[in-house]
Amino acid sequence: MQALIALSRGIDRVTEFVGKSVMWLIFLAIIISAGNAVMRKVFNFSSNAYLEMQWYLFGAAFLGAAAYTLQQNEHIRIDIFYGTRSKRTRHWIDLIGHVFFLMPFVILMTVLLVPYAWQAYRISESSSNSGGLLVWPARAILAAGFILLILQGISEIIKKVAVMQGLIDDPHPFVSAHEAAELEGAALAKEVAELEKAAGEKRS
């Protein structure tokens, strides 16, 4: 089991690196969008390639960050049922969800997308829009995103089993909305108290 935990940590490091790196693609998409708008207004020139590049970059950022979002347990969930269960039951819900819902979906998407991207690369398929970009990079980004989700799904399953066996601490223990609000309020009150203390020391 220790070898699997080490594998999980390695996957997590890769996922974190990719997830934190792709956020810069949003900034690049904004630069391209702004530049395209300026050229269109000032020089009366534009190209579908600029528009498609924005779509490619946004798609890469979204899919590249999807696995990192899963690792950080930040995907939206409705906890009306989940939040009322015991800790062990919540672990079982997570494990069953990963094994029987997440993994089949991401594996199916990968099986479909890899040949889909390869076909576009093999024939050098281009966009149907005038002046558009090659299609295969966008499809490859889709496939890569789901491959990364497969790896992160495996990591989450390993970690969940290890947590249930008491081998590691839960990296993201569940906190209800009420508890989160209380923690946020306590942190805010502490920050205000520290500011008041610092202001009092300056006056004295």
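What counts, and at which threshold
- Residues numbered from 1 in each chain as written.
- Predicted model: local features only at pLDDT ≥ 70, side-chain atom pairs only at ≥ 80, totals over all residues.
- Heavy atoms only, no water.
- Helix = DSSP H or I, 4+ residues; strand = E, 2+ residues; numbered from the N terminus.
- Polar contact = N/O pair within 3.5 Å; in protein donor to acceptor, adjacent residues only side chain to side chain.
- Contact = heavy atoms within 4.5 Å.
- Expected span 1.5 Å × (residues − 1).
- Salt bridge = Lys/Arg side-chain N within 4 Å of Asp/Glu carboxyl O.
- Patch = residues over 30% accessible without salt bridge, like charges linked within 9 Å, V, L, I, M, F, W, Y side chains within 5 Å.
- Areas by Shrake-Rupley, 256 points an atom, 1.4 Å probe, with all protein chains shown as cover.
- Buried < 20%, exposed > 50% of the residue type's maximum accessible area, 1.4 Å probe, protein only.
- Phe/Tyr/Trp six-rings, centres within 6.5 Å; stacked < 30°, edge-to-face > 60°.
- Lys NZ or Arg CZ within 6 Å of the ring centre and 35° of its normal.

### Overview of the side chain of Ser155
Phase 1 of the analysis: Among the structural elements, Ser155 can be located in helix H5 (residues 136-164).
Phase 2 of the analysis: Of note is the side chain of Ser155, whose polar atom sits 2.7 Å from the side chain of Ser8.
Phase 3 of the analysis: Dropping the residues within four chain positions of it, Ser155 is found in contact with Ser8, Ile11 and Asp12.

### Comments concerning H5
Phase 1 of the analysis: Between its terminal C-alpha atoms H5 stretches 42 Å, which fits the 42 Å expected from 29 residues at 1.5 Å a residue.
Phase 2 of the analysis: Looking one or two residues beyond H5, the residue adopting positive phi is Gly166, at roughly 75°.

### As for the pattern of salt bridges
Phase 1 of the analysis: Tallying each qualifying case throughout the model produces five salt bridges.
Phase 2 of the analysis: With a closest N to O distance of 2.8 Å, Lys20 and Glu16 form a salt bridge. In this pair, Lys20 and Glu16 both sit in helix H1 (residues 2-21), four residues apart, roughly one turn of the helix.
Phase 3 of the analysis: Across the pair Glu125 and Arg139 runs a salt bridge whose closest N-O atoms are separated by 3.2 Å. On the criterion of sequence distance, the pair formed by Glu125 in the loop between helix H4 (87-122) and H5 and Arg139 in helix H5 is long-range, its members being 14 residues apart.

### What about a nonpolar patch on the surface?
Phase 1 of the analysis: A cluster of nonpolar side chains, contributed by Met23, Trp24, Phe27, Leu28 and Ile31, occupies part of the molecular surface with about 560 Å² of accessible area.
Phase 2 of the analysis: As for its placement among the helices and strands, Trp24 is situated in helix H2 (residues 23-42).
Phase 3 of the analysis: Owing to a relative accessible area of 56%, Trp24 belongs among the exposed residues under this scheme.

### Digging into the packing of aromatic side chains
Phase 1 of the analysis: Going through the model one piece at a time under the given rule, you end up with four aromatic pairs.
Phase 2 of the analysis: Relative to Phe27, the ring of Trp24 has its centre 6.5 Å away and its plane inclined at 90°; by these criteria the two rings are edge-to-face. Placement of both Trp24 and Phe27 in helix H2 is noted, with a separation of three residues, approximately one turn of the helix.
Phase 3 of the analysis: Look at Tyr121 and Trp136: their rings are 5.1 Å apart centre to centre, the planes differ by 85°, and that puts the pair in the edge-to-face class. Of this pair, Tyr121 sits in helix H4 while Trp136 sits in helix H5, and the two are 15 residues apart along the sequence.
Phase 4 of the analysis: Put simply, the rings of Trp118, Tyr121 and Trp136 touch in pairs and so form one group of aromatic residues.
Phase 5 of the analysis: Residue placement shows Arg139 over the ring face of Tyr116; its charged tip is 3.8 Å from the ring centre.

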